Amino acid sequence: MIRRNFLHSLLGTLGIGLSQRVYAKTAPSQSRRRLILQESPLAGFQYHRAAAIWPFLQEGENLHLKREPCNPHDRHAVAVWFRNEHLGYVPRRENRTLAKLMDQGVRPQATLIRLLDEENPWRKIRIRVELLS
């Protein structure tokens, strides 16, 4: 709850509220600021294509986030994709605010920030989710 209130306050300073639709407009001459929303492990590594494409992944790669409101396991599901490969999901315990932002038209950027060759699938991939303003 504290994290969610903090995020609401932080987004409010950028003029982004969870109760309004957001349409980002940036003049070409302005430099864009990055606001880190979260850093999370990748959920579902072992159930999707992450293991199959492991050799092709590199830290710093851009990832695509896709909202899945009709997901039967989690109505706040946010899938993580690399090119045309489904890697997994933003963890359920960390996806609610991100899902609400995406439902309002906000398009956050995701980056692969850590790759570890570990047995534990929750430690293999870590992602960063940011807003550009």
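Residues numbered from 1 in each chain as written. Predicted model: local features only at pLDDT ≥ 70, side-chain atom pairs only at ≥ 80, totals over all residues. Heavy atoms only, no water.

## A short note on the side chain of Glu 61
Inspection of the secondary structure assignment puts Glu 61 in the loop between α2 (50-53) and β2 (62-68). Buried Glu 61, no salt bridge; nearest opposite-charge side chain is Arg 83, N-O distance 4.3 Å. In contact with Glu 61, other than residues within four places in its own chain, are Phe 56, Phe 82, Arg 83, Ala 110, Thr 111 and Leu 112. (Helix = DSSP H or I, 4+ residues; strand = E, 2+ residues; numbered from the N terminus. Buried < 20%, exposed > 50% of the residue type's maximum accessible area, 1.4 Å probe, protein only. Lys, Arg positive; Asp, Glu negative; His and termini not counted. Salt bridge = Lys/Arg side-chain N within 4 Å of Asp/Glu carboxyl O. Contact = heavy atoms within 4.5 Å.)

## Examining the confidence of the model for the chain
Residues with a pLDDT of 70 or more make up 77% of the chain, whose mean pLDDT is 83. Ignoring residues within four places in sequence, the model shows residues 18-27, a span with pLDDT below 50, making 17 contacts including any to other chains. (pLDDT = per-residue confidence, 0-100.)

## Side note on the sheet that holds β2
Taken in spatial order, the 6 strands make up an open sheet running β1-β6-β5-β2-β3-β4, and their pairing is antiparallel. Looking at which strands have only one partner, the edges of the open sheet turn out to be β1 (34-41) and β4 (85-89). Here the strands of the sheet are splayed against their neighbours by 35° on average, with no regard to which way each runs. Looking at chain direction, strand β3 (residues 77-82) and β4 are connected through 4 bridges and run antiparallel. When the sheet's bridge partners are listed, Trp 81 is paired in β4 with His 86. Where helix α3 (residues 96-103) meets the sheet, its contacts fall on β1, β2, β3 and β6 (125-132), and the angle it forms with β2 comes to roughly 85°. (Pairing = 2+ DSSP bridges. Axes fitted to C-alpha atoms, helices over the stretch in contact; angles between N-to-C directions.)

## Description of the packing of aromatic side chains
Evaluated as defined, the whole model comprises 1 aromatic pair. With a centroid separation of 5.9 Å and an interplanar angle of 85°, the aromatic rings of Phe 45 and Trp 54 are classed as edge-to-face. Phe 45 sits in the buried class, given a relative accessible area of 6%. Over the face of the ring belonging to Trp 54 we find Lys 124, whose NZ or CZ atom lies 5.2 Å from the ring centre. (Phe/Tyr/Trp six-rings, centres within 6.5 Å; stacked < 30°, edge-to-face > 60°. Lys NZ or Arg CZ within 6 Å of the ring centre and 35° of its normal.)

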